[in-house]
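Coordinate inspection notes
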Amino acid sequence: MGLGGDIQGALSDEILATAVGDAWRLAEAELLESVVRISEEIQRLEALRVKLVGAVDHRCKVDVLGFPNVKTWLASKTLLEVGVAGRIVLLGRGLGLQPEIAEEYFDTNISAEHAALITKFCERPPKGMPLEAMNDCRNALLFAATGPTANTDAVRAVIARLERAFESDDPPPSEDTDLNEFHASKTLNGRVAVKGDLDAVTGEMLLSALSGLSKPRPAQDGTKDPRTPGQRRADGFTELLRRYLDSGIAGEEGGERPHVSVHVNAKDLADHTDCSARAQQDAAASPDDSLFAVDGVAWTEWMGPLSIKAARLLSCDSIYTPIVLDENGAPLDLGISTRTVTKRQRKALVARDRGCAFPGCGAPPSWCEGHHIVHWSAGGPSDMGNLVLLCGFHHRLLHHSDWEMEMGADRHPTFIPPRQVDWERKPIPAHNRTRSRAS
């Protein structure tokens, strides 16, 4: 059954019973069948989502989305990460240009991953491949990708054979810089997962730079370095980044040279009392708001929450900028200054908004700029009650659309959508206030 089928009717009472926790009642054969049928239904729904997201990408403009592109809108409205949402958008866009692949995918004969691989090949075939060979090549790839026994290695093997069959004067894959990719993604536990695919020359530069920084370091008594090779390379990479940022050759972001910024309560930085004891006291004082009342967490611009222990370690060699906040986490008024936002006001905006304040955005502070709620030309002052941190896209959106802003009673900005987004135009809290009232 393809996308035209009755999605709700495809789930039998037996499978629905399984979904609500009665799996123990099923015989083993019934349990296995239920898992397979649920998996098939998930694939149909995912294919339907790709089709609908493709329509959104084709029809909906930025003033309706409220975001610079469909992937950031989708991520802000669902539990999807931006990278996953981006792959959905790209697949929907690519299938719109490849009807043969789209038919197989929407009939759930091939997976999303294999559809994306084949689409990418058809969009950028080997330069030596004649146009009349495209249909046969596509069919060979679809055949390799069809059915539950298909696997990615088999599809890639067909692609590799086709690339060899149509060799041209192009550089070999090991030297093709157009294939380079580098991904650095935040994980659910607050770390960063790094994944890359680099050409031979770039790889040589990286390994050469890491070589001296990741050598084994035996102890003075000759004891072997206990670190694994992976740990040694990670330590070397950390040192490489530290030296680069210390060099001062990295240019500027947000009016300052790139550096590590940590926001932390001054009392937490100096106080070594047990946070759990303070949490219990806060819970007794305000049971409905205890979780958000607890101090003891620092905050970084890119990675978010950071332990006080790590913040104290970083503070041993840092520059302090004191910012006084009220009980709602809003900086106390720093006064009216020039038209442009001063460096100290910007630090205060970062402490309050923690990135782009537009609901659902949260772009990092280094990508943002100060925006006047009441424009300077209309008499709006450059004080904290009239400033908000916005990324470039949402700064322009506020200037050239019917979105409006106002400062709330808690001295945090709120956003009023246009009528085509919400007919009642109900105010929406800033991104940081929507996701977490404090951290």
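Because the structure is predicted, anything quoted here is derived from the model rather than measured. (Residues numbered from 1 in each chain as written. Predicted model: local features only at pLDDT ≥ 70, side-chain atom pairs only at ≥ 80, totals over all residues. Heavy atoms only, no water.)

**Digging into the overall build of the chain**
When you go through the chain residue by residue, the secondary structure sums to 18 helices and ten strands. Taking all 439 residues of the chain together, 32% fall into the buried category. Within the chain, residue pairs in contact and separated by at least 24 positions form 54% of the contacts whose partners lie at least 6 positions apart. Of the roughly 27400 Å² of accessible surface on the chain, a fraction of 56% belongs to carbon and sulfur atoms. (Helix = DSSP H or I, 4+ residues; strand = E, 2+ residues; numbered from the N terminus. Buried < 20%, exposed > 50% of the residue type's maximum accessible area, 1.4 Å probe, protein only. Contact = heavy atoms within 4.5 Å. Areas by Shrake-Rupley, 256 points an atom, 1.4 Å probe, with all protein chains shown as cover.)

**Re the pattern of salt bridges**
Two side chains carrying opposite charge are able to pair once their charged atoms lie near each other. Taken as a whole and judged by the stated rule, the model has eleven salt bridges. Between Asp 225 and Arg 227 there is a salt bridge, with its nearest N and O atoms 2.8 Å apart. Assessed through its relative accessible area of 9%, Asp 225 is described here as buried. (Salt bridge = Lys/Arg side-chain N within 4 Å of Asp/Glu carboxyl O.)

**Comments concerning the side chain of Arg 232**
By secondary structure assignment, the location of Arg 232 is in helix 11 (residues 229–247). The buried charged residue Arg 232 lacks any salt bridge partner; its closest oppositely charged side chain belongs to Asp 225, at an N-O distance of 4.8 Å. Residues in contact with Arg 232, not counting those within four places in the same chain, are Leu 213, Ser 214, Lys 215, Pro 216, Asp 225 and Arg 227. (Lys, Arg positive; Asp, Glu negative; His and termini not counted.)

**So, a nonpolar patch on the surface**
A cluster of nonpolar residues, Phe 182, Val 192, Val 194, Leu 198 and Leu 206, forms a patch on the protein surface that exposes about 410 Å² of accessible area. Its location among the elements puts Val 192 in strand 2 (residues 192–197). (Patch = residues over 30% accessible without salt bridge, like charges linked within 9 Å, V, L, I, M, F, W, Y side chains within 5 Å.)

**Description of unusual backbone geometry**
Look at Thr 108: it is not a glycine, yet its phi comes out positive at around 55 degrees. For Thr 108, the position within the fold is in the loop between helix 6 (99–106) and helix 7 (112–123). Even without a glycine there, the phi angle at Arg 425 is positive, about 55 degrees. You can see Arg 425 is positioned in the loop between strand 9 (413–416) and strand 10 (428–429).

**Quick notes on the packing of helix 4 (residues 70–77) against helix 5 (residues 82–95)**
Interhelical geometry of helix 4 versus helix 5 gives an angle of 125 degrees and a closest axis separation of 8 Å. For the element pair helix 4 / helix 5, the angle class is oblique. At the point where helix 4 passes helix 5, the crossing takes the right-handed sense. Here Val 70, Lys 71, Thr 72, Leu 74 and Ala 75 of helix 4 lie close against helix 5, whose contacting residues are Val 82, Ala 85, Gly 86, Ile 88 and Val 89. Looking at the contact of helix 4 with helix 5 residue by residue, the classes come out as seven nonpolar, two polar and one charged. (Axes fitted to C-alpha atoms, helices over the stretch in contact; angles between N-to-C directions. Parallel < 35°, antiparallel > 145°, perpendicular 65-115°, else oblique. Left-handed = near helix turned anticlockwise from the far one by under 90°. Nonpolar A, V, L, I, M, F, W, Y, C, P; charged D, E, K, R; others polar.)

**Some details on the sheet that holds strand 9**
Pairing within the open sheet is antiparallel, and its three strands lie in the order 8-9-10. Here the strands that pair on one side only, and so sit at the sheet edges, are strand 8 (404–407) and strand 10. Where strand 9 and strand 10 come together, two bridges link them in antiparallel fashion. In the sheet register, Thr 414 faces strand 10, and the bridge partner there is Pro 429. (Pairing = 2+ DSSP bridges.)

**Things to note about the confidence of the model for the chain**
A residue-level look at the chain finds 69% of positions with pLDDT of 70 or above and a mean pLDDT of 76. Helix 14 (residues 290–293) is the least confidently modelled element of the chain, averaging 32 in pLDDT, while helix 6 averages 95, the highest of any element. This stretch, residues 272–294, has a pLDDT under 50; its non-local contacts, to residues over four places away or in other chains, come to 18 contacts. (pLDDT = per-residue confidence, 0-100.)

**Some remarks on the nonpolar core**
Counting 37 residues, the largest nonpolar core has Leu 95, Ile 101, Tyr 105, Ile 118, Phe 121 and Leu 141 as the members making the most contacts within it. Secondary-structure elements contributing two or more residues to this core are helix 2 (28–59), helix 4, helix 5, helix 6, helix 7, helix 8 (134–145) and helix 9 (152–165). Ranked by residue count, the leading element in this core is helix 8, at six residues. Of all hydrophobic cores here, the second largest spans 23 residues; its members include Phe 67, Ala 348, Phe 358 and Ile 373. (Core = buried A, V, L, I, M, F, W, Y, C linked by side-chain atoms within 4.5 Å.)

**Focus: helix 4**
Taken together, the buried positions of helix 4 are occupied by Val 70, Thr 72, Leu 74, Ala 75 and Ser 76. For helix 4, the N-terminal cap is Asn 69; the gap from its side-chain oxygen to the backbone nitrogen of Lys 71 is 3.5 Å. (Polar contact = N/O pair within 3.5 Å; in protein donor to acceptor, adjacent residues only side chain to side chain.)

**Here's the deal with the pairing of strand 2**
The buried fraction of strand 2 is low, at zero of six residues. Judged from the six bridges that link them, strand 1 (residues 181–186) and strand 2 form a sheet pairing that is antiparallel. Counterpart to Ser 185 in the pairing with strand 2 is Ala 193. The antiparallel hairpin formed by strand 1 and strand 2 contains five residues in its connecting segment, where Gly 190 sits at a positive phi of about 85 degrees.

**A closer look at a positive patch on the surface**
Taken together, the side chains of Arg 87, Lys 120, Arg 124, Arg 156 and Lys 195 make up a positively charged region of the molecular surface. One can find Lys 195 in strand 2. Given the relative accessible area of 61%, Lys 195 is considered exposed. (Charge placed at Lys NZ, Arg CZ, Asp CG, Glu CD.)

**What about the packing of aromatic side chains?**
Scanning the model with the defined rule gives four aromatic pairs in all. With a centroid separation of 5.6 Å and 50 degrees between ring planes, the pair formed by Tyr 105 and Phe 106 is classed as tilted. Of the residues examined, Tyr 105 reaches a relative accessible area of 3% and is grouped as buried. Of the residues examined, Phe 106 reaches a relative accessible area of 15% and is grouped as buried. Plain terms: the ring middles of Phe 358 and Phe 415 are 5.4 Å apart, the flat faces sit at 65 degrees to each other, and that makes the pair edge-to-face. Taken together, the residues Phe 358 in the loop between helix 16 (343–353) and strand 6 (368–372) and Phe 415 in strand 9 connect sequence positions 57 residues apart. (Phe/Tyr/Trp six-rings, centres within 6.5 Å; stacked < 30°, edge-to-face > 60°.)

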